[in-house]
Amino acid sequence: MDFSEIEADKVEFEDNSFDLKELLNNLYNEFKPIAVENSITLALNFDDHFHQYWLGDVTRVKQVLINIISNALKLTHQGSVDINISGSQ
């Protein structure tokens, strides 16, 4: 994400409902083969208080999550990358 564009108010954010659990499951399935190829365990865990449906910009959320997961896999040479999702009621 280009922060200079955000600061200059040149980015329009969407405000739509989306299923965060579905998004994360899709990303997990996309990154799992990369983890396996590099002998890394990739885990996705949701706690009992996780809110599945969110309101916001799914494109930007997906972009951030891709960057985080991708960097974690690039920087992990052995062991695991755990994606733990929690929330409170």
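Quick look at the structure, then.

Analysis parameters
- Residues numbered from 1 in each chain as written.
- Predicted model: local features only at pLDDT ≥ 70, side-chain atom pairs only at ≥ 80, totals over all residues.
- Heavy atoms only, no water.
- Axes fitted to C-alpha atoms, helices over the stretch in contact; angles between N-to-C directions.
- Helix = DSSP H or I, 4+ residues; strand = E, 2+ residues; numbered from the N terminus.
- Parallel < 35°, antiparallel > 145°, perpendicular 65-115°, else oblique.
- Left-handed = near helix turned anticlockwise from the far one by under 90°.
- Contact = heavy atoms within 4.5 Å.
- Nonpolar A, V, L, I, M, F, W, Y, C, P; charged D, E, K, R; others polar.
- Expected span 1.5 Å × (residues − 1).
- Buried < 20%, exposed > 50% of the residue type's maximum accessible area, 1.4 Å probe, protein only.
- Arc of directions from axis to C-beta.
- Phe/Tyr/Trp six-rings, centres within 6.5 Å; stacked < 30°, edge-to-face > 60°.

1. Some details on the packing of helix α2 (residues 20–37) against helix α3 (residues 58–75)
So, step 1. Between α2 and α3, the least distance of the axes is 11 Å, while the angle of their chain directions is 30°. On the basis of the axis angle, α2 is roughly parallel to α3. In this structure, the crossing between α2 and α3 has a hand that is right-handed. Here Leu 20, Leu 23, Leu 24, Leu 27, Phe 31, Ile 34 and Ala 35 of α2 lie close against α3, whose contacting residues are Val 58, Val 61, Lys 62, Leu 65, Ile 66, Ile 69, Ser 70 and Leu 73.
So, step 2. Class assignment for the residues of the contact of α2 with α3 results in 13 nonpolar, one polar and one charged.

2. Comments concerning α3
So, step 1. With 18 residues, α3 should reach 26 Å at 1.5 Å per residue; the first-to-last C-alpha distance of 25 Å fits that figure.
So, step 2. Here α3 has its buried residues at Leu 65, Ile 69, Ser 70 and Leu 73. The buried side chains of α3 occupy one side of the element, clustering within an arc of 125° when seen end-on. Among the exposed residues of α3, those pointing more than 90 degrees away from its buried face are Ile 68, Lys 74 and Leu 75.
So, step 3. Buried residues along α3 sit against α2 and β4 (80–85).

3. Digging into the packing of aromatic side chains
So, step 1. Within the structure shown, the criterion is met by one aromatic pair.
So, step 2. Ring geometry for Phe 46 versus Phe 50: centroids 4.8 Å apart, planes at 50°, classification tilted.
So, step 3. With a relative accessible area of 24%, Phe 46 lands in the partly exposed category.
So, step 4. Of the residues examined, Phe 50 reaches a relative accessible area of 13% and is grouped as buried.

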